[in-house]
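# Coordinates in review
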Amino acid sequence: MRCWNLSEDGRGSRFPNTVPQRIISFATPPSKFVGGPLGRRSLMDIADHEDATSALNSFKATTIQSGHTVLLRLPSGETKGFKVEKDATISIGRVGSFRANELIGHPYGLTYEIRGKELTVQPPHTLQEVEETDATNELINDGEFVQPLTLGEIEGLKKSGVHASDIIKAQIEQHANYSLKTEYSKEKYKQRKEAKYSKTFSTVEPTIYNVCDHWFKKDQNRIRDIRPDTLSQILNLANVRPGGRYIVVDEASGLLVSAILERLGGEGRLISICDVDSPPAYPVMTLMNFRKDVVTNIHSSLNWATAQEDYTPVQGSSSEVGKSERHRIRLDKRKNAADTLLNAREVLFAGEFDALLIASDYDPLEILQNLILYVAGSGSIVVQSSFSQPLTELQSKLRLDPGYLAPSITESWLRRYQVLPGRTHPTMSTSGSGGFLLHAIKVYDDPNASKVSSHRQSKRQKKEVDEGNPTMPQTLESYQTTELEEKSATVADQASLTNEMEPTG
């Protein structure tokens, strides 16, 4: 696991000769930090924390509102998303159903119990210290007769309205071997019964950490095996912060887009490149409950065709006189879409973006060749892949290009722990991998380049010359050929110089 060292002034370093003052692990949930690896906007500073909190509150609602998609944590520990609509009824399977109006206006993080169709707020659950005894489980035989209470009797108690705690108490009283169990086994037995009969649930705050963890457990393939710790590394390597400008190629169901938008907090600019004509419907973003008006101002989407400079967009016409109202509304929508597209293209072609983030099945080298011109000097490039082979091939090619500094590949590793009084230990199972990351820094190979516009102009001039002389190198592989030719010429010069210095006869 890679860590960043933060000095007293808040600036970070990856070099071993820096004296560490505070160590921040990438495994920390990304919602804890605003700044990137250089710590420019760290929440450890009180003033910055207040500013970031106020910006985030204006970007996301702090209470549940009608139209939100809310994550509910069930007694079994599973999380599910439900749409909250006014005057609607939400059904959670065997846990029960309730009116959605009971949640509207309440803050996230509360625990509720379903009683009839109404909800009652439950007090926070406190951890109790478990005292060890001399009891052991070696003599316990959990057969079919240790629990006299039958399934039919339990269903009868549930239908009669008996509370879940009373059902669990009745099972404990009639259990033949319960008194022989250790205190830890008794605690686990109660937890299993509560998960089975309890009618409680908790609302989960829509942070990117909680949403990423939910999707990873639900369907990790749809988010390209990106765990929360891997996502935090991506954001820190790209130095995502409020006010930044970023380009993202997201095929992880909108996970990267959602994470960047949360970090931006309503300030900055984000351009996402996709392979569909209309703006993609990111399923991850629906759980974040961002304000649509703020997202529209800072986020724009382009496809690969409209992201090309030689593409000619279709101009939208304004509403015409004499047409029907429905026809004028349709024309106005087309014109607004065309204006939005033109604005997004102007922002992209202006360049000076702070980082390029890629999580795609397409060839990462081709993506870099198309979008690297718009990244500013010292900007970060972060490429994610579920497999190491594509990144290994990309790394070998970037090492031959003087425009990329220190391309490196990392793989995150995560071990979850159960933290309980007297029972803290690693979990028995863990995920295999959270994917692989390649990180590089863009540098200008031209010492006279000062900004993206001059850099792009020199690239265009070079391209025109290359088209007139097809023998000149046009790919990254050509750097290797050029290097070999230079070495051969150097060796030949040295051999000629040696022959001249040798005495004759």
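Just so it is clear, the structure is predicted and the values come from calculations on it, not from any experiment. (Residues numbered from 1 in each chain as written. Predicted model: local features only at pLDDT ≥ 70, side-chain atom pairs only at ≥ 80, totals over all residues. Heavy atoms only, no water.)

Turning our eyes to something else, we now look at the overall build of the chain. Check the secondary structure of the chain and you find 14 helices and 19 strands. Taken across its 505 residues, the chain has 40% of its residues classed as buried. Carbon and sulfur atoms make up 51% of the accessible area of the chain, which totals about 28400 Å². (Helix = DSSP H or I, 4+ residues; strand = E, 2+ residues; numbered from the N terminus. Buried < 20%, exposed > 50% of the residue type's maximum accessible area, 1.4 Å probe, protein only. Areas by Shrake-Rupley, 256 points an atom, 1.4 Å probe, with all protein chains shown as cover.)

Attention now moves to the sheet that holds strand S8 (residues 111-115). The five strands are arranged S5-S4-S10-S8-S9 in an open sheet whose pairing can be described as antiparallel. In this open sheet, the two edge strands, each paired with only one partner strand, are strand S5 (79-83) and strand S9 (118-122). Along the sheet, successive strands turn relative to each other by an average axial angle of 40 degrees, direction set aside. Both strand S4 (residues 69-73) and S5 contribute to a ladder of five bridges, which runs antiparallel. (Pairing = 2+ DSSP bridges. Axes fitted to C-alpha atoms, helices over the stretch in contact; angles between N-to-C directions.)

This paragraph deals with unusual backbone geometry. With a phi close to 55 degrees, Asn 239 is a non-glycine residue in the positive phi region. Structurally, Asn 239 can be placed in the loop between helix H6 (228-237) and strand S11 (245-250). A positive phi angle, close to 60 degrees, is found at Ser 253, a residue other than glycine. Considering the arrangement of structural elements, one finds Ser 253 in the loop between S11 and helix H7 (255-264).

For the rest of this paragraph, the subject is the pattern of salt bridges. Pairing of side chains with opposite charge becomes possible as their charged atoms draw close. The full count for this structure, using the stated rule, is eleven salt bridges. Measuring nitrogen to oxygen at the nearest pair gives 2.9 Å for the salt bridge that ties Arg 416 to Asp 213. Remark: Asp 213 occurs in helix H5 (residues 208-219) and Arg 416 occurs in the loop between strand S16 (404-411) and strand S17 (417-418); sequence separation between them is 203 residues. Classification of Asp 213 as buried rests on a relative accessible area of 12%. Look at the salt bridges and you will find they share partners, linking Asp 213, Lys 217 and Arg 416 into a network. (Salt bridge = Lys/Arg side-chain N within 4 Å of Asp/Glu carboxyl O.)

Turning our attention to the confidence of the model for the chain. Across the chain, the average pLDDT comes to 79, with 73% of residues at 70 or higher. Between residues 1-55, whose pLDDT stays under 50, and residues either more than four places distant or in other chains, the model counts 102 contacts. When the criterion is pLDDT under 50, residues 470-477 qualifies, and its contacts beyond four places in sequence or with other chains add up to 14 contacts. (pLDDT = per-residue confidence, 0-100. Contact = heavy atoms within 4.5 Å.)

It is worth spelling out the sheet that holds strand S15 (residues 375-385) at this point. Read from one edge to the other, the open sheet built from seven strands follows the order S13-S12-S11-S14-S15-S19-S16, with strand pairing classed as mixed. Looking at the sheet topology across the chains shown, the edges are occupied by strand S13 (299-303) and S16. Each neighbouring strand pair of the sheet contributes to a mean axis angle of 15 degrees, computed without reference to strand direction. Bridge count between strand S12 (residues 269-274) and S13: five bridges; the pairing is parallel. Paired with Ile 271 across the strands is Ser 300, a residue of S13. Against the sheet, H6 contacts strand S14 (353-359), S15, S16 and strand S19 (436-442), and its axis sits at roughly 5 degrees relative to S19.

A grouping of Arg 326, Arg 330, Lys 333 and Arg 334 is seen on the molecular surface, where their side chains present a positively charged patch. As for its position among the elements, Arg 334 is in helix H10 (residues 325-350). Its relative accessible area of 53% is what places Arg 334 among the exposed residues. (Patch = residues over 30% accessible without salt bridge, like charges linked within 9 Å, V, L, I, M, F, W, Y side chains within 5 Å. Lys, Arg positive; Asp, Glu negative; His and termini not counted. Charge placed at Lys NZ, Arg CZ, Asp CG, Glu CD.)

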